[in-house]
Amino acid sequence: MDIRQLRYFLAIANEGQITRAAKVLNMEQPPLSRQLKQMEQELNVTLFDRSGHKLKLTHAGEILRQKAEVLVQQFHETIQEVKEVDEGVLGVLSIGSVVSCISLLPPKIGRFRELYPDVTFKIREGDHFLLGKQLEKRNIELIVARLPFEAASESNSYSILPLPSDPFVAILPRDWSLASSHESIKLHELADIPFLTLKTDETTAMHNRVMSECRRHGFEPTVICECSSVAIIIALVASGIGATILPKSVMASFPLSVIKMLPIADIDSESDVGIIWLKDRYLSKSARHFIDMFIEEDLTPLSS
């Protein structure tokens, strides 16, 4: 069995039909069917249940798919690494970011483009769980996210470069008296107002930190909305629905014409941020240079 056959097998597994897999592979159906039969004969197992309209992986087939995905990816990465030895910094750099960190990317991408104009970017947005899956599948190479990184894999699978911490600020509708009469705010002043919080089903650390701070100051926030979108939360604040607490850097992407950002005078808690990548896995030359831009600012990588 070789890499070519593993690619054939993965195409069939992904498409569920040999006809569709053949089209994806740009080949005829009979040769692909023969290749599958040869693989099953060589392994002496049945890889697909053929009883239904779609081919379904058997237990043996599922094990082979898990291993084949890793092997094919490692083969591809090896080829890329060898090619990059004599190449400059070029190609596509795929980055994932949680929405609350998007504002950190434009200045770095702008600077990177000045240094390496042959590199283009692909940016994916999502929560920790989704981005962790994309990282494992190698659809992205780096993630910019709030810490701790709450993904499905063990924490020792990742290398993390901590970035400067980000203070929490209160975001209120500008026409509220509390916003117009204050240049800073104490946390307990938010005790009786409708509260909006940034949270997903899988990503809860920042939400929990904010809730813990409120309880430490003697009150339980009146949460009227949990939302996974910063843009939606800001729109709700602008409409006078409620207030929220977010890391300060988030607001760089939003106009302050109808909302008011206030420092919180009596909490020291900050939101930690980092760049995450897979430990002991190949990184493209462009990804390494992108990380170097942050390391050059006297930041020290941390493996966890």
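For the structure itself, consult the block above.
Residues numbered from 1 in each chain as written. Predicted model: local features only at pLDDT ≥ 70, side-chain atom pairs only at ≥ 80, totals over all residues. Heavy atoms only, no water.

1. Comments concerning the overall build of the protein chain
Looking only at helices and strands, the protein chain has 10 helices and 12 strands in total. Taken over the C-alpha trace, the protein chain has a radius of gyration of 24 Å; the compact-globule value for 304 residues is 19 Å, which it surpasses by more than 25%. With respect to the principal axes defined by its C-alpha atoms, the protein chain has extents near 75 × 50 × 30 Å. In the protein chain, which comprises 304 residues, the share counted as buried stands at 45%. Pairs at least 24 residues apart make up 75% of the contacts formed inside the protein chain by residues separated by at least 6 positions. (Helix = DSSP H or I, 4+ residues; strand = E, 2+ residues; numbered from the N terminus. Rg over C-alpha atoms; globule rule 2.2 N^0.38 Å. Buried < 20%, exposed > 50% of the residue type's maximum accessible area, 1.4 Å probe, protein only. Contact = heavy atoms within 4.5 Å.)

2. A word on the pairing of strand β7 (residues 194-198)
Each regular strand carries side chains that alternate between the two faces of the sheet. With four of five residues buried, β7 is to be regarded as a mostly interior element. The parallel pair β7 and strand β8 (residues 222-227), bridged by helix α8 (residues 205-216), forms a crossover whose chirality is right-handed. (Right-handed = clockwise from strand over helix to strand, strands pointing away.)

3. Description of helix α1 (residues 3-15)
Taking 1.5 Å per residue, 13 residues should reach 18 Å; α1 reaches 18 Å between its end C-alpha atoms and fits that length. Buried within α1 are the following residues: Gln-5, Leu-6, Tyr-8, Phe-9, Leu-10, Ala-11, Ile-12 and Ala-13. A distance of 3.2 Å separates the backbone nitrogen of Arg-4 from a side-chain oxygen at the start of α1, and that oxygen is part of Asp-2. Following α1 by one or two positions, Gly-16 has its phi on the positive side, about 80°. (Expected span 1.5 Å × (residues − 1). Polar contact = N/O pair within 3.5 Å; in protein donor to acceptor, adjacent residues only side chain to side chain.)

4. So, the nonpolar core
Within the largest apolar cluster, 35 residues are counted, with the highest numbers of intra-cluster contacts made by Leu-172, Leu-187, Leu-190 and Ile-245. Those elements that provide at least two residues to this core are β6 (158-173), α7 (177-180), β7, α8, α9 (230-238), β9 (243-247) and β10 (259-263). If one sorts the elements of this core by residue count, β6 sits on top with five residues. In contact with Leu-187, other than residues within four places in its own chain, are Glu-213, Cys-214, His-217, Phe-219, Ile-245, Ile-264, Asp-266 and Ile-267. Ranked by size, the runner-up nonpolar core spans 34 residues in total, among them Ile-140, Ala-151, Tyr-158 and Ile-160. (Core = buried A, V, L, I, M, F, W, Y, C linked by side-chain atoms within 4.5 Å.)

5. Here's the deal with the environment of Leu-64
By the secondary structure assignment, Leu-64 is in helix α4 (residues 59-84). For the pair Leu-64 and Phe-9, spaced 55 residues apart in sequence, the C-alpha separation works out to 9.0 Å. Those residues in contact with Leu-64 that lie beyond four places of it in its chain are Leu-6, Phe-9, Met-39, Leu-43 and Leu-47.

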